[in-house]
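The primary structure of each chain is shown beneath.
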Amino acid sequence: MSESSLEEVAVLSAIYCRDGECEVLSSSVNGITVMIQTSVQRITGSEIHLKLIFDLPVEYPSSLPNISVSSEELSRAQCKDLRDKLVEQAKQHILEPMIHDLVVWTQQNLNNLIVQPEPSILEGQFPLSLDTITEEVTWTILLRLDHMRAKSKYVKTVEKWTNDLKLCGRLMFLGKIILILLQGDKQSTRDYLVLQKTCKVDVDSSGKKCKEKMISVLCETILPPKQKRFATFEVKEYSSGHLEWESEAVNLFQSLLSALAAFLRAQLAA
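You'll find the protein chain entered in an unreviewed UniProt entry as RWD domain-containing protein 3, with Xenopus laevis given as the organism. Comment text from UniProt for the protein chain, heading Function (unreviewed entry), reads "Enhancer of SUMO conjugation. Increases SUMO conjugation to proteins by promoting the: binding of E1 and E2 enzymes, thioester linkage between SUMO and ube2i/ubc9 and transfer of SUMO to specific target proteins which include hif1a, pias, nfkbia, nr3c1 and top1. Has no effect on ubiquitination."

Draft legend 1. Representation of the overall build of the protein chain within the structure. When its secondary structure is counted, the protein chain shows eight helices and 11 strands. Buried positions account for 40% of the 270 residues belonging to the protein chain. The long-range share in the protein chain, meaning contacts at least 24 apart out of those at least 6 apart in sequence, stands at 63%. Summing over all exposed atoms, the protein chain offers an accessible surface of approximately 15600 Å²; the carbon and sulfur share of this is 53%.

Draft legend 2. Broad picture of the pairing of strand β2 (residues 31-41). Of all 11 residues in β2, eight are buried, a share of seventy percent or more. Across six bridges, strand β1 (residues 22-28) lies against β2 in antiparallel orientation. Note that in β2 the partner of Ser 27 across the bridge is Ile 32. Here β1 folds back onto β2, and the loop between the two strands holds two residues. Here 11 bridges tie β2 to strand β3 (residues 47-57), and the two strands are oriented antiparallel to one another. Counterpart to Val 34 in the pairing with β3 is Phe 54.

Draft legend 3. Spatial organisation of unusual backbone geometry. Here the residue pair Tyr 60 and Pro 61 is connected by a cis peptide bond, since its omega of 10° sits within 30 degrees of zero. Along the polypeptide, Pro 61 turns up in the loop between β3 and β4 (66-70). Although it is not a glycine, Leu 95 adopts a positive phi angle of roughly 80°. For Leu 95, the position within the fold is in the loop between α2 (76-91) and α3 (99-113). Notably, Lys 166 is not glycine yet its phi reads approximately 60°, a positive angle. Note on placement: Lys 166 falls in the loop between α5 (151-164) and β6 (168-174). Classification of Lys 166 by relative accessible area gives exposed; the value is 63%.

Draft legend 4. Representation of the packing of α2 against α3 in the model. Across the interface, α2 lies against α3 with an axial gap of 11 Å and an inter-helix angle of 135°. The orientation of α2 relative to α3 falls into the category oblique. Note that α2 runs across α3; the crossing there is right-handed. Between α2 and α3, the residues in contact are Asp 81, Leu 82, Lys 85, Leu 86, Gln 89 and Ala 90 and Leu 102, Trp 105, Thr 106, Leu 110 and Leu 113, respectively.

The rules behind each value
- Residues numbered from 1 in each chain as written.
- Predicted model: local features only at pLDDT ≥ 70, side-chain atom pairs only at ≥ 80, totals over all residues.
- Heavy atoms only, no water.
- UniProt positions renumbered as here; feature names shortened; annotations may be inferred.
- Helix = DSSP H or I, 4+ residues; strand = E, 2+ residues; numbered from the N terminus.
- Buried < 20%, exposed > 50% of the residue type's maximum accessible area, 1.4 Å probe, protein only.
- Contact = heavy atoms within 4.5 Å.
- Areas by Shrake-Rupley, 256 points an atom, 1.4 Å probe, with all protein chains shown as cover.
- Pairing = 2+ DSSP bridges.
- Axes fitted to C-alpha atoms, helices over the stretch in contact; angles between N-to-C directions.
- Parallel < 35°, antiparallel > 145°, perpendicular 65-115°, else oblique.
- Left-handed = near helix turned anticlockwise from the far one by under 90°.

Encoded structure:
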């Protein structure tokens, strides 16, 4: 992590110093992830609360940060549109610290950026033209959890998130090994990771609610068009003898199977 990035995060912590406004979600030799929580007042007087996640790669600010946007007051489409606008703004600040500028820009422009769908479109009165149809790419991500103390609540939360984000896949228990396989559009998998890292989903050793800090991404890749994807999200519990059958049954592509097999061999041999 560059010294300039660490200095920028220190400045952000001083600017957004209220409880929960600025939080470093992760920090490693590969980069740093920081969350800024802010709010914007609508023209009507109500507030829109935003969570802005900035993944700063080790090359930042020479390369752009990965940006995620979430809000309970905005739709997924509106969050995506805001994220796309922020990425365009970030390109104008390349080679210089930009996070504070992007947050301020959001606060100043959000009301003008929010586009409400036309009622006729919501009601399905006009069909989409061929020009508006794009080929969707299925993104696949494999995650590993270290443990679940509040298993029942944790599982229900994962099921709710995947349902809200329209993600398919499996939550798999293989003895002490816990894996989450997600399939959907790339932004939805990113949104899932934001929820996983920022929400209190489990309990610590003293029984207090806590965030998930021990999650690792084992594999991220695009599902080839000819490969079948999961139809739903399900929770599965297996003995080690069922793994080969399950791998064949879901027809996952070879690269993901190789990554999963290598990981499991190392874990089961330990």
